[in-house]
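Geometric and topological summary
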Amino acid sequence: MTLVGGCHCGAVRYRVDGPLRPVVACHCVQCRKTSGHFVAATSAARGDVAIEGTDALRWYQSSADARRGFCGICGSSLFWEAAGSGRLSIHAGTLDGPTGLRIAGHIFCAAKGDYYDIDEGLPRFDGGDPGVTAP
């Protein structure tokens, strides 16, 4: 599978040449604070992702274990990367065109905002779940 995507202003573009994990919706406080809502992300092997516009790409070390990539020009949230994982989470909304991807489940539901409900019947977990986030 080959898909492309990028930020709102086009300064950061990326190409994924390889399989993508189904989308996982993360409702943790960090995802909500950095995106304004929950984050829906897929992931790919880091070696399958080529990024252009790295001069505009900024990384924020959001915890001891992970960093978040965003465009330094338009502010679009693009990536989440766990240290040493070998994988790059890609915010699904930044992919261009039809993807064929679907949401597989929700994680960190115990931290979700009080202004919305999760009611489409997909698996939900109060914290993280390696089964739903595995490649």
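Keep in mind the model is a prediction, meaning the values are calculated, not measured.

Spatial ordering of the open sheet is given by E6-E7-E8-E9-E4-E3-E10, a layout of 7 strands whose pairing is mixed. Every other strand in the sheet has two partners, leaving strand E6 (57–60) and strand E10 (103–107) as the edge strands with one partner each. Taken pair by pair, the neighbouring strands of this sheet meet at an average axis angle of 30°, ignoring direction. Across 5 bridges, the pairing between strand E7 (residues 66–71) and strand E8 (residues 77–82) is antiparallel. Of the residues in E8, the one forming a bridge with Gly69 is Phe79.

The subject of this paragraph is the pattern of salt bridges. On inspection of all chains with the given rule, the structure shows 4 salt bridges. Residue Asp96 pairs with Arg13 through a salt bridge whose shortest N-O separation is 2.4 Å. One end of the pair, Asp96, is in the loop between strand E9 (87–91) and E10; the other, Arg13, is in strand E2 (residues 13–17), and 83 residues separate them in sequence. Residue classification places Arg13 among the partly exposed positions, given a relative accessible area of 27%. One continuous salt-bridge network, built from bridges that share partners, spans Arg46, Arg67 and Glu81.

This part is about the sheet that holds strand E1 (residues 2–6). Pairing is antiparallel across the open sheet formed by 3 strands, whose spatial order is E1-E2-E5. On the outer flanks of this sheet lie E1 and strand E5 (49–52), each paired with one strand and no other. Direction aside, the axes of adjacent strands within the sheet are offset by 15° on average. Pairing analysis gives 4 bridges linking E2 to E5, with the strands arranged antiparallel. Looking at E5, one finds that Val16 is bridged to Val49.

The next thing to look at is the pairing of strand E3 (residues 23–26). Of the two faces of E3, the one carrying Val23 and Ala25 and the one carrying Val24 and Cys26 are both buried. In the sheet, E3 pairs with E10 via 4 bridges, with the strands oriented parallel. The residue bridging Ala25 from the neighbouring strand is His106, located in E10. For E3 and strand E4 (residues 39–45), the ladder comprises 3 bridges, and the chain directions are antiparallel.

Ranked by internal contacts, the top residues of the largest apolar core, which has 20 residues, are Val12, Tyr14, Val49, Ile51, Phe79 and Ile90. Contributing elements (two or more residues each) for this core: E2, E5, E8 and E9. If sequence neighbours within four positions are ignored, Val12 has contacts with Gly5, Gly6, Cys7, Ile51, Glu52, Gly53, Ala56, Leu57, Cys71 and Leu78. If you look at the next biggest cluster of nonpolar residues, it comprises 8 residues, including Cys26, Cys28, Ile107 and Val132.

Next up on the list: unusual backbone geometry. Backbone geometry follows two general trends: most residues other than glycine have a negative phi, and most peptide bonds adopt the trans configuration. Even without being a glycine, Phe108 presents a positive backbone phi close to 55°. Summarising the element assignment, Phe108 is placed in the loop between E10 and helix H2 (130–133).

With that settled, consider the side chain of Thr42. Structurally, Thr42 is set in strand E4. Its relative accessible area of 0% is what places Thr42 among the buried residues.

Criteria and cut-off values
- Residues numbered from 1 in each chain as written.
- Predicted model: local features only at pLDDT ≥ 70, side-chain atom pairs only at ≥ 80, totals over all residues.
- Heavy atoms only, no water.
- Pairing = 2+ DSSP bridges.
- Helix = DSSP H or I, 4+ residues; strand = E, 2+ residues; numbered from the N terminus.
- Axes fitted to C-alpha atoms, helices over the stretch in contact; angles between N-to-C directions.
- Salt bridge = Lys/Arg side-chain N within 4 Å of Asp/Glu carboxyl O.
- Buried < 20%, exposed > 50% of the residue type's maximum accessible area, 1.4 Å probe, protein only.
- Core = buried A, V, L, I, M, F, W, Y, C linked by side-chain atoms within 4.5 Å.
- Contact = heavy atoms within 4.5 Å.

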